Amino acid sequence: MKTTIDKAELKKQIIYNVKTLYRKTIDEATPQQVFQAVSYALKDDIIDQWIATHKEIERTDAKTLYYLSMEFLMGRALGNNILNLCAQDEVKEVLEELGFDLNTIEDQEPDPALGNGGLGRLAACFLDSLATLGYPAYGCGIRYKYGMFAQKIEDGYQREVPDDWLRDGYPFEIRRAEYACEVKFGGYVTVTKDETGREHFGQAGYQSVRAVPYDLPIVGYGNNVVNTLRIWDAEPINTFNLDSFDKGDYQKAVEQENLAKNIVEVLYPNDNHYAGKELRLKQQYFFISASLQTAVNKYKKAHNGDVTKMYEKVAFQMNDTHPSMAVAELMRILMDEENLTWEAAWEITTKCCAYTNHTIMAEALEKWPIELFSRLLPRIYGIVEEINRRFVEEIEATYPGNHEKIAKMAIIYDGQVRMAHLAIVGSYSVNGVAKLHTEILEKQELKDFYQMMPEKFNNKTNGITQRRFLLHANPLLANWVTDKISDAWITNLPEISKLKLFVDDPKSQQEFMNIKYQNKVRLAKYIKEHNGIDVDPRSIFDVQVKRLHEYKRQLLNILHVMYIYNELKSHPDMEYYPHTFIFGAKAAAGYRRAKLTIKLINSVADVINNDKSINGKIKVVFIENYRVSNAEIIFAAADVSEQISTASKEASGTGNMKFMLNGAITCGTLDGANVEILEEVGKDNAVIFGMTADEVINYEKNGGYDPMQIFNENQEIRQVLMQLINGFYSPQDPELFRDIYNSLLNTYSSDRADTYFILKDFMSYHEAHMKINELYQDQTRWAHIVMMNTACSGKFTSDRTIQQYVDEIWELDKVTVEL
Ligand code: CJB
């Protein structure tokens, strides 16, 4: 792929940028300053493509997607932009000529972490695929001043540190003040009648903020297409003035100033968890109102002010229920501002909006109290009430006399607004994110909706972008793959199946394993620098990196490490290949048990890593501050991918796909997309254990199971559990892990004992590990397995996912951009 970047021009530009930004010559510049200078230089080129893309979209009046999401977990942009501009060699050489190393410069960039985990990272992968496939799209989100907190580990505990990602200025963003708009909160609804008797609604006595967009370029791979991630900042509507003091508005002016300051201050660090905070509701409405107002205005400008056919050119995808306010806000804009009737507005809304469900975890379901919702958003609440009234009528018409249906399906019920129901009713498409997940939605969680409106439901199995997670993350393997089968995989991942030709070829196996080894050396070096722990790159790197959540069962993993350690202690000659167990996870700041699990992992690491008697056969490492940038190093180095959620709980998972692509074997349950990974790679090339989703759901219906029986019957498991409360891993405070012990065994707490079936799956998990231990020692077999994983990962590109969304939901028009 040819780049548009000219080396001589780039070099001149970098030197010039260093001069004008920092009043320095290039040899005086710090790496951070060079990072900024290079980024600005590239942005200059990107902007030409950006302008050209938008001209082309306007010229062809192409249908455009607005991907509405509270989270975009972008990760660093510089390296990715360089790759997608196909300018890797040029930039590297120019920097070398100037005396800098590209990797060091890339490392200067903070990780823009405007997201928590899978949901936010999926949004980022989708943007990459949309641009690469040439589909017009905006990501719409919030420019949080502080993104996902940085994690420090102190004395084994997590401490949260603010992520000040904007401190040095972010070179890729552009403030677009001309698109600023007003967003209103509170006050009351006004109604006036016109001469025909028709009612017109408005809002008075409100507070408002000025929403100001910042645009970030999303560069497609080698195709000159540049889309936009538009994130909204909040500013006070009027600059604070003493004038208002005289008018007695002083209090209001202060409040509006504070509202603006607070709204975008920080990303809520909850993953798969609804906390019901007022400020969060404000954030939701803030970015939705701003995004929709601009989308409608843009459409009107191109269509003589007539919005009636907007659905032909615009699609709004709601990334989970967080943006589901969009349904009511679009109705408000169309009725109150565009003067459409309810019916006309409803037709447009329900042909524009689509909803993706990402979880069945009950605790993640958004249900806002009416009191809060109606006080903060009186007009929006009124609209939701009317949507609900009409929907309940429909339920009654479909199921006459069936009050249970109304109780189960109404949008407003029991003093609460159920956001998922609003999203479903207001959308023309409802999708899950993996086959199993969609099935569970249809048969269990959303069964009533599926029965009443089956045509809305569909599956879109998640995917990941191979450009960040192989091309950028693992250059050694990426080059090797290209040497073997050409670089077609970069934009057409299924091509990677051509590697199947090599999986039994000894020389190729050798090369592949050698690359894995070098990536393990790279990770070992990172661990040494960041954790001060020596790990042996010849050991099996067994990795679990993801958010910390009980359902993801990091606890199962660490309890099993404790189990193996006990075995090694009591049978020193036991046949066991050296293992390095690697964890990385952030816990939500208020999630106590998750945080205690981090402490447990670190406590176990302390004891085991310092026990000379086991000859280094086990090492345990907790990688601090797991995030997109170090994830890239970790995936490339993994031998074993731990995907061990309680079956039915993980909607899809996407880390599982990143490991697979990089040549790791999945040790997993039949959950989420693991099921499809198994389908692709075959049962000989994955290790599956544990209960099935059906079994879990059945147990749940019948009140669980009795973990005490396992505790009583299995001496080894009992020993592990006792070590949680006898000070084995916490001599200063033997009671430290009591809560974890209780969660597994005691029923007196509000939860069921062992809610996530850790003990129930324990021995099956152990067998899976023993199997892996055996497989690894047959290096020919192992090489075959991990190469098959890479070769069979074609399905899991987000390019495929996006193409399915386009074909089956959005119907976007492709654009081609010539410069
Ligand atoms: N997910 O990351 C989140 N946060 C939520 O609040 C709900 C779901 C995750 O979304 C991913 C993308 O669809 C899924 O792969 C993952 O299973 C799910 O937990």
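Residues numbered from 1 in each chain as written. Predicted model: local features only at pLDDT ≥ 70, side-chain atom pairs only at ≥ 80, totals over all residues. Heavy atoms only, no water.

Regarding a nonpolar patch on the surface
Point 1. Judged by side-chain polarity, Val-189, Val-191 and Phe-201 come together as a nonpolar surface patch covering roughly 200 Å² of accessible area.
Point 2. Within the element layout of this structure, Phe-201 appears in strand β8 (residues 199-204).
Point 3. For Phe-201, a relative accessible area of 30% corresponds to the partly exposed category. (Patch = residues over 30% accessible without salt bridge, like charges linked within 9 Å, V, L, I, M, F, W, Y side chains within 5 Å. Areas by Shrake-Rupley, 256 points an atom, 1.4 Å probe, with all protein chains shown as cover. Salt bridge = Lys/Arg side-chain N within 4 Å of Asp/Glu carboxyl O. Helix = DSSP H or I, 4+ residues; strand = E, 2+ residues; numbered from the N terminus. Buried < 20%, exposed > 50% of the residue type's maximum accessible area, 1.4 Å probe, protein only.)

A few points about the packing of aromatic side chains
Point 1. Tallied over the full model, the rule gives 25 aromatic pairs.
Point 2. Between Tyr-577 and Tyr-776, the aromatic rings sit 5.1 Å apart at their centres with planes inclined by 55°, giving tilted as the arrangement. A residue pair is termed long-range when its members are at least 10 positions apart, and Tyr-577 in the loop between α21 (554-570) and β19 (579-584) and Tyr-776 in helix α30 (residues 758-776) qualify at 199 residues.
Point 3. For Tyr-776, a relative accessible area of 5% corresponds to the buried category.
Point 4. Above the ring of Phe-541, the side-chain terminus of Lys-520 is found at 5.0 Å from the ring centroid.
Point 5. The side chain of Lys-586 reaches across the aromatic face of Phe-149, ending 5.7 Å from its centre. (Phe/Tyr/Trp six-rings, centres within 6.5 Å; stacked < 30°, edge-to-face > 60°. Lys NZ or Arg CZ within 6 Å of the ring centre and 35° of its normal.)

Looking at helix α4 (residues 88-97)
Point 1. Three or more residues of α4 are buried, namely Val-91, Val-94 and Leu-95. Down the axis of α4, the buried set is contained in an arc of 95°. They therefore lie on one face.
Point 2. Just beyond α4, the residue with positive phi is Gly-99, at close to 90°. (Arc of directions from axis to C-beta.)

A few points about the site of the ligand
Point 1. Around the ligand, the structure places 14 residues, and the nearest of them are Leu-119, His-358, Asn-462, Glu-650 and Gly-653.
Point 2. Within the backbone of Leu-119, an N or O atom sits 2.9 Å from an oxygen atom of the ligand.
Point 3. When the residues that make up the shell around the ligand are grouped by side-chain class, the tally is five nonpolar, seven polar and two charged. (Near = heavy atom within 4 Å. Polar contact = N/O pair within 3.5 Å; in protein donor to acceptor, adjacent residues only side chain to side chain. Nonpolar A, V, L, I, M, F, W, Y, C, P; charged D, E, K, R; others polar.)

Notes on the environment of Ile-725
Point 1. Structurally, Ile-725 can be placed in the loop between α28 (715-722) and α29 (738-745).
Point 2. Sequence separation between Ile-725 and Leu-499 is 226 residues, and the spatial gap between their C-alpha atoms is 50 Å.
Point 3. Once you skip the residues sitting within four places of it in the chain, Ile-725 turns out to touch Pro-734, Arg-738 and Tyr-741. (Contact = heavy atoms within 4.5 Å.)

A short note on the pattern of salt bridges
Pairs can form between side chains of opposite charge whenever their charged atoms are close.
Point 1. Enumeration over the complete set of coordinates arrives at 58 salt bridges.
Point 2. For the salt bridge of Asp-799 with Arg-467, the shortest nitrogen-to-oxygen distance reads 2.7 Å. One end of the pair, Asp-799, is in helix α32 (residues 798-810); the other, Arg-467, is in helix α18 (residues 466-472), and 332 residues separate them in sequence.
Point 3. Looking at Arg-467, the relative accessible area reads 0%, which means it is buried.

Section: the sheet that holds strand β22 (residues 665-668)
Point 1. The six strands are arranged β20-β19-β18-β21-β22-β23 in an open sheet whose pairing can be described as parallel. The sheet is open, and its two edges are formed by β20 (618-622) and β23 (687-688), each paired on a single side.
Point 2. When strand β21 (residues 640-643) meets β22, the two strands line up parallel, connected through four bridges. Within β22, the position partnered with Glu-642 by the bridge is Cys-667.
Point 3. Set on the sheet, helix α22 (residues 592-609) makes contact with β19 and β20; between it and β20 the angle comes to about 145°. (Pairing = 2+ DSSP bridges. Axes fitted to C-alpha atoms, helices over the stretch in contact; angles between N-to-C directions.)

Some details on the UniProt feature "modified residue: N6-(pyridoxal phosphate)lysine" (unreviewed entry) in the protein
Point 1. Per the UniProt record, the feature "modified residue: N6-(pyridoxal phosphate)lysine" (unreviewed entry) sits at Lys-658.
Point 2. Positionally, Lys-658 belongs in helix α24 (residues 655-661).
Point 3. Apart from the residues lying within four places of it in its own chain, the contact partners of Lys-658 are Arg-121, Ile-464, Phe-469 and Phe-635. (UniProt positions renumbered as here; feature names shortened; annotations may be inferred.)

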